[in-house]
Each structure stands twice: as C-alpha cells, then as structure tokens.
Amino acid sequence: MFGNVSGLARAALLFLVLTGLSACGGAGPATNAILNAPGAQKVDRSGGEAEPFVLVDVGLAFAERLAADVAPAHWSMPQSAAPSFVIGVSDVLDISIVSNNDAGFIDFSQSAVTPIATTPLPRQMVAEDGTVAVPLLGRVKAAGRSVQALESQLTRRLSGVLVNPTAIVQLVERQSATVSVIGEGVTSPGSYPINLSDRRLLDIVGRAGGPAGQAGDIVVSLSRGGKTYQALLGEIYRRKDLNIFVHDGDLLSLEPRRTRVQVVGATGANRLVEIAEVEVSLIDVLSEAGGLASPRADLKGVFVYRQTAPQALRAVGADLAPFAGRRSVPTVFRFDMTVPTALFTAKAFRMLDDDILYVADSANAKIENFFGATGPFAPNPSVYVQDATLGN
C-alpha cells in the first residue's frame with residue numbers, strides 16, 4: 001500500500017500522527033478549554049512540586065516476597081479466663097426443695113409414706129431487683145450468685161423451718177449474659193445466651209447456625225471494651241488459642257473477606273472489581289475485568305497503585321527519606337506482560353483492598369484514535385506503523 005512512499009514522506013506522516021493526537025475529539029470539553037476558560041478562578045494547591053512516589057518494576061521473586069509481607073502477620077483474639085458464671089436479672093430458674101426425714105412423709109399421690117418429700121416451686125424469672133420468691137423465706141437475693149451459692153444459701157436458711165432440707169436450683173434460661181452475632185458470614189444472626197456448655201467463640205458461632213460460606217474466607221471481628229480483634233474463621237478452627245471464652249456484651253461480626261480493586265484504562269471493563277476471597281492475585285482481578293484490551297493495551301504498562309508500608313519497600317532498596325514520618329508510601333508497581341514469566345508474576349502478586357489497577361494505552365491505540373478522528377482520507381494506522389517500523 002505504501003510501496004511508493006518515500007522514507008521522508010513516511011517520517012512526515014508519522015510526525016503528523018504523533019503531533020495530532022491532542023486534537024482527537026472526546027466525550028466532553030478539552031483539557032485546555034477547561035483550564036483556560038474565561039472567568040475561571042484558579043486555585044493551585046498542588047504544592048508546586050511533583051509529589052514523590054516509589055516506582056517498582058515487579059518480577060516473580062519480588063511478587064512472592066511481597067505477598068508474604070502483606071499477608072496478615074498475626075490474627076489475634078483477647079486472652080482471658082472463663083468469665084464467672086452467675087445468675088443475673090431476667091434469668092429463668094427452676095427451684096425445688098427436698099426434705100429428708102427418717103419418720104417419713106405422707107405421699108398422698110401414691111398413698112404411701114416416703115422418707116423424701118420434694119416440692120417444686122413455680123418456674124420464675126429473676127426480678128429487676130435481683131430476687132426470687134421462695135415460700136417461708138420471702139424474696140431472696142439471687143443475682144450475682146452462682147447456682148451452687150444460691151443452693152447453699154437456700155438450704156441454710158430453710159434448715160430453720162424444715163427437716164433436713166436441700167434446695168436444688170436449675171438455670172433454665174439465661175438472658176443476663178448474651179453475645180450478639182451479626183454479619184453476612186453467619187447463617188442465623190441474633191443474640192445468644194452464654195451457657196456453661198456454650199462459652200467459647202465457636203460454640204456461639206455454632207448456635208448461630210455456623211458459617212454462611214467457606215470458613216477460610218470469613219473474617220471474625222470481636223468487639224469488646226472499645227477494642228476490635230480479628231481472625232479468620234478457618235484459623236480459629238485450627239488454633240485453640242483463638243477459640244476464646246466469650247463475655248457478656250461481646251459483639252461478633254462475621255463477614256466474607258472481600259478485596260475491592262478499582263480497574264481503569266485499557267481493560268475489558270473499567271469498574272470496581274470485588275472478589276470475596278482472602279487471597280486475590282493480579283491475574284484474578286484482570287480476569288474479572290475482562291482481561292487486557294487488545295490491541296489497545298500497552299503490555300509494558302500495567303500498573304498497580306497502592307499505599308505501601310515502608311518496611312515492604314526497604315527490602316528492594318527504595319530511598320524512603322522523602323517519606324520520613326509517613327505510615328505509608330505512595331507506590332506504583334509496574335508489570336511488563338511481554339516477559340515470558342509475566343503470568344507467573346501476576347499470579348503471585350497479591351492485590352489488596354483499595355488498590356487501583358491501571359492499564360495504559362499503547363502507542364498504536366493513540367494513533368488509531370487520531371486516524372479515527374481525521375476521517376477516511378488517512379491511511380490505516382496499523383499498516384502504516386508496521387511499514388514505518390519495519391522499513392517496508
């Protein structure tokens with residue numbers, strides 16, 4: 001097609017292409033039209049200097065090392081002894097009084113004499129003042145005592161009016177000490193009482209119907225005393241030290257672990273990608289976004305923007321002096337997808353929540369945009385670039 005075009009003419013045409021890119025039309029006003037608009041009040045708060053950041057070319061070894069650095073170093077739960085198990089207001093009790101006499105008691109239901117007489121009291125709830133009603137004794141303080149302590153107190157006081165009495169107390173419903181369970185990661189959210197048989201974290205999760213999904217992908221957050229602790233549910237199943245005793249007033253939140261990445265540039269779709277998994281790789285995000293847009297994407301221009309912990313960058317020799325005092329460093333990770341091991345690198349690179357994935361346009365894409373704007377009189381850009389590059 002361009003066999004008779006001289007080298008000088010080709011160079012001139014290429015110059016026209018490159019200098020005319022800025023003239024391409026778009027979906028809105030041009031940048032200069034906005035910046036130089038009459039009446040615009042310009043306020044410059046950019047600082048006047050380029051904002052420093054770290055640019056890292058990512059290889060396979062670095063991607064694997066960084067994945068280990070950004071993994072949660074320590075899932076923790078507060079360690080404490082089992083809380084005291086005492087009766088409280090609103091708890092429901094069954095109280096029975098048993099008397100023992102060698103002379104025996106008349107059992108009218110059986111028309112017989114028995115050495116033991118059992119008198120069950122009506123089931124009752126501990127009143128707001130912490131007391132329960134016991135015949136012959138009146139109102140007796142129950143709140144704040146263990147079941148055994150209340151039995152001992154009732155037996156001692158009844159000994160003055162009954163023959164060899166024994167009080168038996170059963171805590172039927174415990175409403176005074178509960179744990180709230182919320183979140184999409186649990187089958188039946190709600191408030192659950194802490195019983196002697198259900199005093200550990202996994203006991204409560206079981207009472208709430210168990211996890212709604214894979215345990216390894218669910219994060220358990222425990223809020224207690226103004227502090228929040230986290231651990232993967234799968235880790236709690238594996239580690240006994242994480243299956244802690246729960247306390248009254250604890251809040252358990254079970255949520256699927258999500259990684260949200262904003263994808264922009266030359267990909268199949270520009271959108272917020274959300275993946276409900278613990279470990280998400282660059283390949284996973286690219287797949288969710290429809291892959292690289294060929295031939296638009298610059299295979300050497302795949303970038304991940306992130307605020308990175310300084311310790312993760314010291315290992316690669318980054319100069320962190322410009323970021324002294326900062327808790328995180330603005331970092332751009334670059335991937336060259338033309339390298340033979342690029343897919344291994346992208347699979348090893350772990351994406352984090354709030355990352356930004358940007359894929360730059362290739363030079364060919366910019367040229368095609370220009371020719372699309374100039375109309376049918378211009379030659380096909382892909383043919384021209386090929387001819388100009390190869391010297392045909």
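Every chain begins its residue count from 1, and numbering advances along the sequence as written. Residue-level local features of this predicted model are given only where pLDDT is at least 70; pairs of side-chain atoms are given and counted only at 80 or more, and the full residue set underlies all totals for whole chains, interfaces and linings. Only hydrogens and water are set aside; all other atoms, that is, all heavy atoms of the structure, feed into the side-chain values.

Another aspect to go through is the overall build of the protein. Going along the chain from the N terminus, every DSSP run of H or I of four or more residues is numbered as a helix, and every run of E of two or more is numbered as a strand. On a plain count of helices and strands, the protein comes out with 11 helices and 19 strands. Sorting the 392 residues of the protein into buried and exposed places 37% on the buried side. The contact criterion used throughout is that any non-hydrogen atoms of two residues lie within 4.5 Å. Look at the contacts in the protein between residues 6 or more apart in sequence, and 65% of them connect residues 24 or more apart. Accessible areas in this description were obtained via Shrake-Rupley with a 1.4 Å probe; residue shielding takes into account the shown protein chains only. Entry remark: accessible area of the protein is about 22000 Å², with carbon and sulfur atoms responsible for 54%. Here the term buried applies to any residue with accessible area under 20% of the maximum for its type, exposed to any over 50%, and partly exposed to those in between, with areas from a 1.4 Å probe on protein chains only.

What we call a nonpolar core is a set of buried Ala, Val, Leu, Ile, Met, Phe, Trp, Tyr and Cys residues that are connected through their side-chain atoms within 4.5 Å. Ranked by size, the top nonpolar core spans 34 residues in total, and within it Leu282, Val285, Phe333, Phe335, Phe349 and Leu357 carry the most contacts. Setting aside residues up to four positions removed in sequence, Phe349 forms contacts with Val58, Ala63, Leu66, Val280, Ser281, Leu282, Val304, Arg306, Phe333 and Phe335.

Another aspect to go through is the side chain of Asp198. For Asp198, the position within the fold is in the loop between strand S9 (190-193) and helix H5 (201-207). Excluding anything up to four places from it in sequence, Asp198 contacts Asp203, Ile204 and Arg207.

Here we take up the packing of aromatic side chains. Pairing of aromatic rings covers Phe, Tyr and the six-membered ring of Trp, with a centre-to-centre limit of 6.5 Å; geometry is then stacked below 30 degrees between planes, edge-to-face above 60, and tilted otherwise. Across all of its chains, the model carries 4 aromatic pairs by this definition. Taking 6.3 Å as the distance between ring centres and 20° as the angle between the ring planes, the aromatic pair formed by Phe303 and Tyr358 counts as stacked. Placement of Phe303 in strand S16 (residues 297-308) and of Tyr358 in strand S19 (residues 355-361) is noted, with a sequence separation of 55 residues between them. Between Phe335 and Phe349, the ring centres sit 4.9 Å apart and the planes meet at 80°, which makes this aromatic pair edge-to-face. Taken together, the positions of Phe335 in strand S17 (residues 329-335) and Phe349 in the loop between helix H9 (342-348) and strand S18 (350-351) put the pair 14 residues apart, joining distant regions of the chain. The exposure class of Phe349 is buried, given its relative accessible area of 0%. By way of ring pairs, the aromatic residues Phe62, Phe333, Phe335 and Phe349 are connected into one cluster. By definition, being over a ring means that NZ of Lys or CZ of Arg is both within 6 Å of the ring centre and within 35 degrees of the ring normal. One residue, Arg174, lies across the ring of Phe85, its end atom 4.0 Å from the ring centre. Taking NZ or CZ as reference, Arg200 lies 3.9 Å from the ring centre of Phe245, over its face.

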